[in-house]
Amino acid sequence: MRLAWALRAEPLPVVACFASGRQPATLDRRLQSLGRPRVAGLRLIETVQGTLILGAESALPWMPDLIWLGREPGAAQLLLPTQWQPGLPLEWVEAACVQRVGGACAVIPRVAYAPSRQADAAELLLLATAGARPVLEARPRAAA
Amino acid sequence: MPQDTVALASKLRRVLADINAHLVDREALTQVLVLAAVAREHLLVLGPPGTAKSAAIRAVAGALDGTYFEYLLGRFTEPSELFGPVDLRKLREGTVETETRGMLPEAEFAFLDEIFLGSTAILNTLLALLNERRFRRGSTIMQCPLRVCVAASNHLPEDEALAAFADRFLVRLYVDGLADSRIEDLLRVGRRFDEIPRSAERFSLAELDLLSQAARTVDLSAIHAPLGHCVRLLRKAGVMLSDRRIVKTQNLIAASTVLNGRAVASEADLWPLVYVIPTAEAQAQARDVLQKTLVQSENSVMAEAVSNASAGPAARAGRIELDAGRLLAQRPAALEADDPWSLRAEALLREIDAGFAAGQVPEALAGLRGRLAEAVATPSLPTLPVAAEP
């Protein structure tokens with residue numbers, strides 16, 4: 001069954017961002033350009049589909065076309081697009097996603113991508129969020 | 001709506017922008033104060049000490065050409081300190097009259113800090129002054145020219161008698177400390193909070209009265225059904241409003257309508273209802289409960305106040321547009337990745353991209369987003385090779 005998505009009346013507070021396609025390389029450079037204190041609180045997960053960065057909203061780097069993710073109080077194990085909400089009860093979506101991935105995960109539907117990127121995107125991408133590493137550990141800095 | 005009223009609303013927007021250039025994140029407070037003044041309702045500001053409540057209130061009062069009275073109340077404040085001393089000459093003649101010159105009964109704008117510390121005698125006299133705009137003490141009975149009284153306190157009183165007094169302040173605004181992203185701004189301008197210059201453009205009492213008169217003639221018939229729906233939604237969620245507060249909410253809605261340049265109220269003007277709800281917790285609950293109903297909320301003069309009350313896209317876009325415009329006007333010549341200006345620009349870009357789906361960003365905001373994105377584009381980034389598309 002295809003999961004429908006609808007725009008939220010109020011966006012979720014940001015707790016993570018996802019870069020896909022060619023973006024992770026640009027995101028890497030962006031992270032390198034940021035001060036160590038800002039990067040210190042960020043964690044990342046790298047997959048073949050892209051890079052997920054988790055951290056405080058004010059520390060997350062901005063880039064065009066990133067997918068911004070937040071957390072619903074009623075589904076603590078899911079990261080969902082800040083602008084979109086699933087068309088099924090949240091607890092059902094959480095239970096199904098957690099069972100599929102085996103734990104907490106980011107849920108990224110195709111509709112959350114910028115229109116220019118939607119053609120290449122999967123209908124629904126699930127990324128396990130367990131095992132996120134500190135950015136400073138994953139990307140040691142020359143100056144560190 | 002007469003053209004002069006529209007022009008006055010525009011002027012008010014400029015005056016507020018001028019005031020807020022000297023404050024940090026107090027736009028909602030200054031705007032709600034002006035809304036209350038146009039509606040002729042009183043405002044209670046609640047929040048922790050040291051959050052620039054007084055500075056913001058004084059700055060607005062300074063921009064409005066009217067007689068201003070301010071007093072910090074304490075447990076031992078005497079009624080004469082607010083209302084004036086007994087007229088000794090009259091007392092010798094056998095009558096008890098109050099010499100009110102320069103005191104609260106003759107003020108057009110009043111600010112009473114730590115209001116709930118006032119004695120029973122003070123609060124009883126204030127009740128009539130606030131409700132009926134009449135001052136009565138001994139043989140002195142006078143009609144007061146008071147347009148708006150702003151009271152401030154750190155918290156709502158628990159005492160029932162004081163709570164009943166607090167209920168006379170229709171509008172409630174809760175002020176918090178600043179967000180992390182504004183700390184550098186606070187450090188930049190905060191030392192001058194005590195010496196905010198008077199706004200270059202001033203708003204006369206006659207102009208304010210013109211807006212108040214226009215508000216009294218606003219056609220509210222179109223909002224009776226949606227306002228009733230909102231009240232029912234609130235009751236269902238356990239948020240109860242007294243009949244008096246429900247009725248008087250219309251005065252704020254009418255003021256919002258006038259400031260929006262219209263003579264007929266619409267659903268875009270319902271947002272002041274949130275500020276009528278007495279407690280911070282109930283206001284937060286109301287924002288959730290009324291989220292869909294207030295989605296059309298909009299007011300170009302008070303974008304932040306609307307945005308605080310309603311998270312609707314139009315309100316959010318209006319507030320972000322103002323923030324973005326202000327930030328772009330302050331852009332420094334040279335930028336680095338983590339400088340305060342760039343951090344604020346990034347915060348706004350995040351808020352736009354996380355809050356509006358692609359293709360849903362209003363045109364004016366999309367233009368500002370482009371300018372911000374261009375500014376934070378990173379020419380100084382290390383030039384590592386870009387990986388090929390996987």
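Here the structure is a predicted model, which is why all the values come from computation and not from measurement.

A. Molecular detail of the pairing of strand E4 (residues 50-54) of chain A. Residue and element names in this part refer to chain A. With 5 of 5 residues buried, E4 lies mostly within the body of the structure. Side chains Gly50, Leu52 and Leu54 of E4 all project onto a buried face; the interleaved residues Thr51 and Ile53 project onto the opposite face, where all are buried too. As defined by bridge partners, strand E2 (residues 14-20) adjoins E4 across 5 bridges and the pair is classed as antiparallel. When the bridges of E4 are listed, Cys17 appears paired with Ile53. The sheet contact formed by strand E3 (residues 43-47) and E4 spans 5 bridges and is antiparallel. Counterpart to Thr47 in the pairing with E4 is Gly50. Remark: 2 residues form the turn of the hairpin made by E3 and E4, two consecutive strands paired antiparallel.

B. Molecular detail of the pattern of salt bridges. All names here are of chain B. Within the structure shown, the criterion is met by 21 salt bridges over all chains. In this structure, Arg101 engages Glu99 in a salt bridge whose closest nitrogen and oxygen atoms are separated by 3.4 Å. As a salt-bridge pair, Arg262 and Asp269 come within 2.8 Å of each other at their nearest N and O atoms. For Arg262, a relative accessible area of 24% gives the class partly exposed.

C. Focus on the side chain of Lys53 of chain B. Residues and elements named next belong to chain B. Within the secondary structure layout, Lys53 lies in helix H3 (residues 53-63). It is Asp113 that comes nearest to the buried, bridge-free Lys53 among opposite-charge side chains, at 6.0 Å. Discounting chain neighbours no more than four positions away, the residues touching Lys53 are Leu29, Val45, Leu46, Gly47, Pro48, Ala152, Ser153, Asn154 and Val175.

D. Structural view of the pairing of E2 of chain A. All names here are of chain A. When you tally the buried positions in E2, you get 6 out of 7 residues, the bulk of the element. Both E2 and strand E5 (residues 67-70) contribute to a ladder of 4 bridges, which runs antiparallel. Each bridged residue has a counterpart across the sheet, and for Cys17 the counterpart in E5 is Trp68.

E. Looking closely at unusual backbone geometry. If you check the backbone angles, Asp65 of chain A has positive phi at about 65 degrees while not being a glycine. Here Asp65 of chain A is to be found in the loop between E4 and E5. Looking at Asp65 of chain A, the relative accessible area reads 36%, which means it is partly exposed. A positive phi is found at Ala52 of chain B, a non-glycine position, where the angle reads about 60 degrees. Along the polypeptide, Ala52 of chain B turns up in the loop between strand E1 (43-46) and H3. Overall, the relative accessible area of 17% leaves Ala52 of chain B in the buried class.

F. Quick look at the packing of helix H2 (residues 27-39) of chain B against helix H11 (residues 243-259) of chain B. Residues and elements named next belong to chain B. Their axes nearest at 8 Å, the elements H2 and H11 cross at an angle of 105 degrees. The orientation of H2 relative to H11 falls into the category roughly perpendicular. Along the contact surface, H2 presents Leu35, Ala36, Val38 and Ala39, while H11 presents Asn251, Leu252, Ala255, Ser256 and Leu259. Here the residues of the contact of H2 with H11 sort into 7 nonpolar, 2 polar and no charged.

G. Representation of the confidence of the model for chain B. All names here are of chain B. Overall, the prediction assigns chain B a mean pLDDT of 87, with 93% of residues at 70 or greater. Highest mean pLDDT in chain B belongs to helix H12 (residues 273-276) (97); lowest belongs to helix H8 (residues 183-189) (75). Counting contacts from residues 379-390, a segment whose pLDDT is below 50, to residues more than four positions away or on other chains yields 15 contacts. Scored as a complex, the prediction yields pTM 0.71 and ipTM 0.92.

H. The interface of chain A and chain B, seen in detail. Contact residues are listed per partner, giving 28 residues for chain A and 28 residues for chain B. Here chain A packs against chain B, burying approximately 2600 Å² in sum over the two surfaces, 60% of which is carbon and sulfur. Where chain A touches chain B, the interface holds 2 salt bridges. Note that Glu346 of chain B is salt-bridged to Arg30 of chain A, the shortest N-O span being 2.8 Å. Our count for the chain A to chain B interface comes out at 9 residue pairs in polar contact (both at pLDDT 80 or more). Of the residues forming the side of chain A that touches chain B, the biggest block, 5 residues, is contributed by helix H1 (residues 23-33) of chain A.

Calculation rules
- Residues numbered from 1 in each chain as written.
- Chains lettered and ligands numbered in written order.
- Predicted model: local features only at pLDDT ≥ 70, side-chain atom pairs only at ≥ 80, totals over all residues.
- Heavy atoms only, no water.
- Buried < 20%, exposed > 50% of the residue type's maximum accessible area, 1.4 Å probe, protein only.
- Helix = DSSP H or I, 4+ residues; strand = E, 2+ residues; numbered from the N terminus.
- Pairing = 2+ DSSP bridges.
- Salt bridge = Lys/Arg side-chain N within 4 Å of Asp/Glu carboxyl O.
- Lys, Arg positive; Asp, Glu negative; His and termini not counted.
- Contact = heavy atoms within 4.5 Å.
- Axes fitted to C-alpha atoms, helices over the stretch in contact; angles between N-to-C directions.
- Parallel < 35°, antiparallel > 145°, perpendicular 65-115°, else oblique.
- Nonpolar A, V, L, I, M, F, W, Y, C, P; charged D, E, K, R; others polar.
- pLDDT = per-residue confidence, 0-100.
- Buried area = accessible area lost by both parts, 1.4 Å probe.
- Polar contact = N/O pair within 3.5 Å; in protein donor to acceptor, adjacent residues only side chain to side chain.

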